[in-house]
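# Architecture at a glance
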Amino acid sequence: MRRKSRGFKGRLLIGVAVAAFYLIMHFSKMETNPYTQKRQAISMTPQEEVQMGLASINQMRQQHGGLHPNQSYQALVDDVGNKLVNNSIARETPYQYNFDLLADERTINAFALPGGQICITYALFAQLKNEDQLAGVLGHEIGHVLGRHSAERIANSELWQGLSTAGSVGGDMGGLVSQIGNGTLLKNGRGDELESDDLGVKFMIKAGYNPEEMIGVMQILKSAAGPNRVPEFQSSHPDPDNRIEHIRESIEKYSQN
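Notes on the structure follow.

## A closer look at the packing of helix 5 (residues 131-147) against helix 8 (residues 213-225)
Two elements in contact, helix 5 and helix 8, have axes whose closest approach is 8 Å; the angle formed by their N-to-C orientations is 75°. The orientation of helix 5 relative to helix 8 falls into the category roughly perpendicular. Residues Asp132, Gln133, Gly136 and Val137 of helix 5 pack against Glu213, Met214, Gly216, Val217 and Ile220 of helix 8. For the contact of helix 5 with helix 8, the class distribution of residues is four nonpolar, three polar and two charged.

## Focus: the sheet that holds strand 5 (residues 117-121)
Strand order in the open sheet formed by three strands is 3-5-4, with mixed pairing between adjacent strands. Because the sheet does not close on itself, it has two edges, and the strands there are strand 3 (98-102) and strand 4 (110-112). Averaged over all neighbouring strand pairs, the angle between strand axes comes to 15°, with direction disregarded. By the bridge criterion, three bridges tie strand 4 to strand 5 in an arrangement that is antiparallel. What sits directly across from Ala110, in strand 5, is Ile120. The strands that helix 3 (residues 71-86) touches are strand 3 and strand 5; relative to strand 3, the one it contacts most, it runs at about 150°.

## Here we look at the packing of aromatic side chains
Under the counting rule described, the total for this entry stands at three aromatic pairs. Ring centres of Tyr73 and Tyr122 lie 6.1 Å apart, and the angle between their planes is 20°; this geometry places the pair in the stacked category. Of this pair, Tyr73 sits in helix 3 while Tyr122 sits in helix 4 (residues 122-125), placing them 49 residues apart in sequence. The exposure class of Tyr73 is partly exposed, given its relative accessible area of 30%. Where Tyr73 meets Phe125, the ring centres are 5.3 Å apart and the plane angle is 45°; that geometry is what we call tilted. Within this pair, whereas Tyr73 is found in helix 3, its partner Phe125 is found in helix 4, the two being separated by 52 residues in sequence. Ring pairs connect the aromatic residues Tyr73, Tyr122 and Phe125, which therefore count as one cluster.

## Considerations on the pattern of salt bridges
Enumeration according to the criterion identifies eleven salt bridges in this entry. Across the pair Arg148 and Glu31 runs a salt bridge, and its minimum N-O distance is 3.1 Å. Taken together, the residues span a long stretch of sequence, with Arg148 in the loop between helix 5 and helix 6 (149-170) and Glu31 in strand 1 (residues 30-32) at a distance of 117 residues. Residue Arg61 pairs with Asp100 through a salt bridge whose shortest N-O separation is 2.7 Å. Taken together, the residues Arg61 in helix 2 (residues 46-63) and Asp100 in strand 3 connect sequence positions 39 residues apart. Each of the two residues, Arg61 as well as Asp100, counts as buried.

## Digging into the environment of His68
Structurally, His68 can be placed in the loop between helix 2 and helix 3. The class of His68 is buried, set by a relative accessible area of 12%. For His68 and Asp100, which are 32 residues apart along the polypeptide, the C-alpha to C-alpha distance reads 8.3 Å. Aside from chain neighbours lying at most four places away, what touches His68 is Tyr73, Leu101, Leu102, Ala103 and Tyr122. A polar contact is formed between the side chain of His68 and the backbone nitrogen of Asn70, at a distance of 3.1 Å.

About the cut-offs
Residues numbered from 1 in each chain as written. Predicted model: local features only at pLDDT ≥ 70, side-chain atom pairs only at ≥ 80, totals over all residues. Heavy atoms only, no water. Axes fitted to C-alpha atoms, helices over the stretch in contact; angles between N-to-C directions. Helix = DSSP H or I, 4+ residues; strand = E, 2+ residues; numbered from the N terminus. Parallel < 35°, antiparallel > 145°, perpendicular 65-115°, else oblique. Contact = heavy atoms within 4.5 Å. Nonpolar A, V, L, I, M, F, W, Y, C, P; charged D, E, K, R; others polar. Pairing = 2+ DSSP bridges. Phe/Tyr/Trp six-rings, centres within 6.5 Å; stacked < 30°, edge-to-face > 60°. Buried < 20%, exposed > 50% of the residue type's maximum accessible area, 1.4 Å probe, protein only. Salt bridge = Lys/Arg side-chain N within 4 Å of Asp/Glu carboxyl O. Polar contact = N/O pair within 3.5 Å; in protein donor to acceptor, adjacent residues only side chain to side chain.

This is how it looks when you write it as structure tokens:
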């Protein structure tokens, strides 16, 4: 019994040491985002973010059927995206903004890769009713880039993977730590979406677009998800109705400035 007890205590001490190591490493990466003033852990430089995005963009294009062939549609996406960048703090960042209209006619989606590569599928583009709604979609994605959400997510994932390892070494807690970590990452993901909505509203107003049209985008997304959409607590995205409430708050906030 004593040997078992000593063995357990030894593993526990090792587990605590491993956990302490990963926590120290994580908090050593904390910095203030110069564009949002948010404190966040970041494990890469802006230049590394740009390189990661450039290395991934061709694969993402291929997954969504390549670039859409209609050059006038692509020109509109470019014009709106560049107008948002040039009229906001985004123009002062080191990121390389590029806006792609992808040919995918089935997947209603838009996304941002680290460093400024931003894509919208034709399936979503075709649902939009006006240029202001397109500005809402692209402004939201620019918000993800400025918020450095991909880099932050990578750093947070590294932390929880490390803590899961510590839990496994120290006992049988690895699975529980992983569950807690997944829940935390989901919650953080929903926070990223709300922050990007807020920034998107700000960018729309700065560029002269009607921010109320972002609410229309949320209604499109809600309709596309249908009645069987994933409950918010299981999703990295907030429920569209919840997002609409926060968007209204952002519109009121920035309209008074």
